[in-house]
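# Geometric and topological summary
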Amino acid sequence: MDLLGLLYLFLVFAACFAVIAFFKLAALGLKTATKKPEKPVREKSEKQVEPVYYIVEKKRARKCTYSQPKEIKFKEK
C-alpha cells in the first residue's frame, strides 16, 4: 500500500510539472508570435567617424633627494 501511495505522488507531481511546462512554453510561443519584427538599423559609422579619446594618467616623478635615514634604538630588557 505504501508503494502505491508513492506511485500516485510521483504521478501527480509529473502531471503538474507537465501542465505548468506546457503553459509556460505556450505563453512564450504566443509572446514571440505577436512580437513585431525589428527594422534593420543603418549604422552611422559609415557616414561619420567619431573621434576616439584615450585617458592617460600622468606618472609621478621620483624624488631626486631623500632625507637622511633615521636611527632606531630598541630598549634591552
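Since the model is a prediction, treat every value here as computed from it, not as a measurement. (Residues numbered from 1 in each chain as written. Predicted model: local features only at pLDDT ≥ 70, side-chain atom pairs only at ≥ 80, totals over all residues. Heavy atoms only, no water.)

### Observations concerning the overall build of the protein
The number of helices and strands found in the protein is one helix and zero strands. Here the protein holds 77 residues, and 0% of them are scored as buried. Accessible area for the protein stands at about 10000 Å²; split by element, carbon and sulfur atoms hold 63% of it. (Helix = DSSP H or I, 4+ residues; strand = E, 2+ residues; numbered from the N terminus. Buried < 20%, exposed > 50% of the residue type's maximum accessible area, 1.4 Å probe, protein only. Areas by Shrake-Rupley, 256 points an atom, 1.4 Å probe, with all protein chains shown as cover.)

### Some details on the packing of aromatic side chains
For the structure on display, the rule yields two aromatic pairs. Pairing F13 with F17 gives two aromatic rings, centres 6.4 Å apart and planes at 25°, and the pair type is stacked. On the criterion of helical spacing, the pair formed by F13 and F17 is a turn pair, its members being four residues apart in helix α1 (residues 2–33). Judged by its relative accessible area of 55%, F13 falls in the exposed class. (Phe/Tyr/Trp six-rings, centres within 6.5 Å; stacked < 30°, edge-to-face > 60°.)

### Focus: α1
Taking 1.5 Å of rise per residue, 32 residues should cover 46 Å, and α1 covers 47 Å from first to last C-alpha, within 8% of that figure. Within α1, only zero of the 32 residues are buried, leaving the element largely exposed. (Expected span 1.5 Å × (residues − 1).)

### Topic: the environment of T34
When you line up the elements, T34 lands in the segment after α1. At 3.4 Å, the side chain of T34 and the backbone oxygen of K31 are in polar contact. (Polar contact = N/O pair within 3.5 Å; in protein donor to acceptor, adjacent residues only side chain to side chain.)

### A few points about a nonpolar patch on the surface
Taken together, the side chains of M1, L4, L7, Y8, F10 and L11 make up a nonpolar region of the molecular surface, amounting to roughly 700 Å² of accessible area. Within the secondary structure layout, Y8 lies in helix α1. (Patch = residues over 30% accessible without salt bridge, like charges linked within 9 Å, V, L, I, M, F, W, Y side chains within 5 Å. Salt bridge = Lys/Arg side-chain N within 4 Å of Asp/Glu carboxyl O.)

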